[in-house]
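# Survey of secondary and tertiary structure
Chain by chain, the residues run as shown.
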Amino acid sequence: MTSPLRLLRRIRRGDAIAAVLLFAVGAVLIGLGSYEHYRDVPLPLRFVPLALTCLGVVIRRARPGWCLTLGTVGMGMELVIGFSLGTVCVFSDNLYSYARYGRRQHIRPMLVVGGALVIATAVWIAVAGHSAAGTLSTAAIAAIILLSPIASGIIVRQAHDRANLEAERAEQATRLADVRRREAVLRERTLMARELHDTVANYMSAIALQSTALQSRRDLDAETVRTSVAAIRSSSVEGLAELRRIIGLLRAAENGAGEGEELASYRISQVPELVERIRAVGLKVDFDVEGTRCELPGEVELTAYRVVQESLTNALKYGKDASVVIAYGPDQVTVQVANALHAEADPVPGGGAGLVGMTERVRLLGGKVHAGPEGERWRVFAEIPTGGKGWPAGATASDRSLPETGGVADGPHPPPRPTARFPKPE
């Protein structure tokens, strides 16, 4: 039960001031004789119903049920001693306050009771022998006193509820827009991370391996050293060119350019050039194409190229030779890259981002990736749909949500964990 102190804290100052003003006006009206005289009662007694209804105004927000109870008691006394104009007006505020702030389940019964009282008043007036005009006017006054405040409270309450609902919807829309903005930023950061890794890792791995070879060999002649340094310089220049290309694409995206340029940057037809560059570094690579070469969507072309690039980059670190097979099917293209493994320490340590990025690229297109040791070789196998299969029509890579990337192999079982003999590529 609410304590008096807590109730006082919940009372609005405006309600208390309104109650005082209403009591003052009602008292003036009583003093001027604005009340019915069919009961001979002491004048001070007529202030009691007014005080009760005004006390209801004080607590109309804090305790709307008490407000209606005090008003009803006051009007009950008025029914006995005679109605006064001030008390009747304040009682209408009691009815409005409960319809506005009271329990919703009690509002409909209030309307029913109020309508019944209006009808009963009209019947009583008619039975008393008054004219039809008198009966209708009395019924209209009773309806204004009993039903009009309740209807007004219901209308104001519904308007307030609609305003709150619209405010809540606006807040939800703001939160949703913020979530979508964060998702877009995360998607762009993920895309940037994949592009930067795929671009830099290949060239930097070649530079690291060549420089490591120069450091470890003391017996190289001048011509061999010049050739190795030239290869390092070539890889550095090409890597810087790739970085400039990515920065240009990012700036173009800021200016409203689409992602088609990025998707058309690399195609499967450029894989032979990639293979030749890897061969120049010193890795033996066998390359083969199966099936009929056909035109593929830009996303598929770029993804297949990146799978080959990442796999050959890992082969540079861990393998002695590699084989690349690209097969064209009726509704998918498959990429297989295998390389021999050795137990030597990794000269270019990685953080595992390469396989994660490769897996994300393929799965965004609805494909599958498996990477892991098979016997004496490390094998990467990717199936990339060429459209439609596992790919919502009209969807782009930026529209698809990123999958979970806790592993790199599909299926119910996780990929085999490499042993110390077969170090896991990055």
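Structure: above.
In this text the structure is predicted, and so the values were computed from the model without any measurement.

### So, the overall build of the chain
Tallying secondary structure elements over the chain gives twelve helices and five strands in all. Out of the 426 residues belonging to the chain, those deemed buried represent 38%. Partitioning the contacts of the chain with sequence separation of at least 6, the portion at a separation of at least 24 is 75%. Accessible surface for the chain amounts to roughly 23500 Å². Of this, 61% is attributable to carbon and sulfur atoms.

### Notes on the pattern of salt bridges
Tallying each qualifying case throughout the model produces 13 salt bridges. Glu276 is the salt-bridge partner of Arg279, the closest N and O atoms lying 2.7 Å from each other. Of the two residues, Arg279 and Glu276 are both situated in helix α10 (residues 271-281); the distance of three residues between them amounts to about one turn of the helix. With its nearest N and O atoms 3.4 Å apart, the salt bridge here joins Glu301 to Arg293. The class for Glu301 is buried, based on a relative accessible area of 0%.

### Notes on the pairing of strand β5 (residues 377-385)
With nine bridges connecting them, strand β3 (residues 332-340) and β5 associate as antiparallel partners. Bridge pairing links Val335 to Ala382 in β5. When strand β4 (residues 368-374) meets β5, the two strands line up antiparallel, connected through seven bridges. Residue pairing in the sheet places Glu374 in a bridge with Arg377 of β5. Counted along the chain from β4 to the antiparallel partner β5, the turn is two residues long, and its residue Gly375 has a positive phi close to 70°.

### Let's talk about the sheet that holds β4
In spatial order, the strands read β1-β2-β3-β5-β4; together these five strands make up an open sheet with mixed pairing. In this open sheet, the two edge strands, each paired with only one partner strand, are β1 (284-290) and β4. Adjacent strand axes in the sheet meet at a mean angle of 10°, parallel and antiparallel pairs treated alike. Pairing of strand β2 (residues 321-328) with β3, which is carried by seven bridges, proceeds in the antiparallel orientation. The residue bridging Val325 from the neighbouring strand is Gln336, located in β3. Contacts from α10 reach β1 and β2 within the one sheet, and its direction differs from that of β1 by about 165°. Along the sheet, helix α11 (residues 298-318) makes contact with β1, β2, β3 and β5, crossing β3 at roughly 5°.

Rules behind the numbers
- Residues numbered from 1 in each chain as written.
- Predicted model: local features only at pLDDT ≥ 70, side-chain atom pairs only at ≥ 80, totals over all residues.
- Heavy atoms only, no water.
- Helix = DSSP H or I, 4+ residues; strand = E, 2+ residues; numbered from the N terminus.
- Buried < 20%, exposed > 50% of the residue type's maximum accessible area, 1.4 Å probe, protein only.
- Contact = heavy atoms within 4.5 Å.
- Areas by Shrake-Rupley, 256 points an atom, 1.4 Å probe, with all protein chains shown as cover.
- Salt bridge = Lys/Arg side-chain N within 4 Å of Asp/Glu carboxyl O.
- Pairing = 2+ DSSP bridges.
- Axes fitted to C-alpha atoms, helices over the stretch in contact; angles between N-to-C directions.

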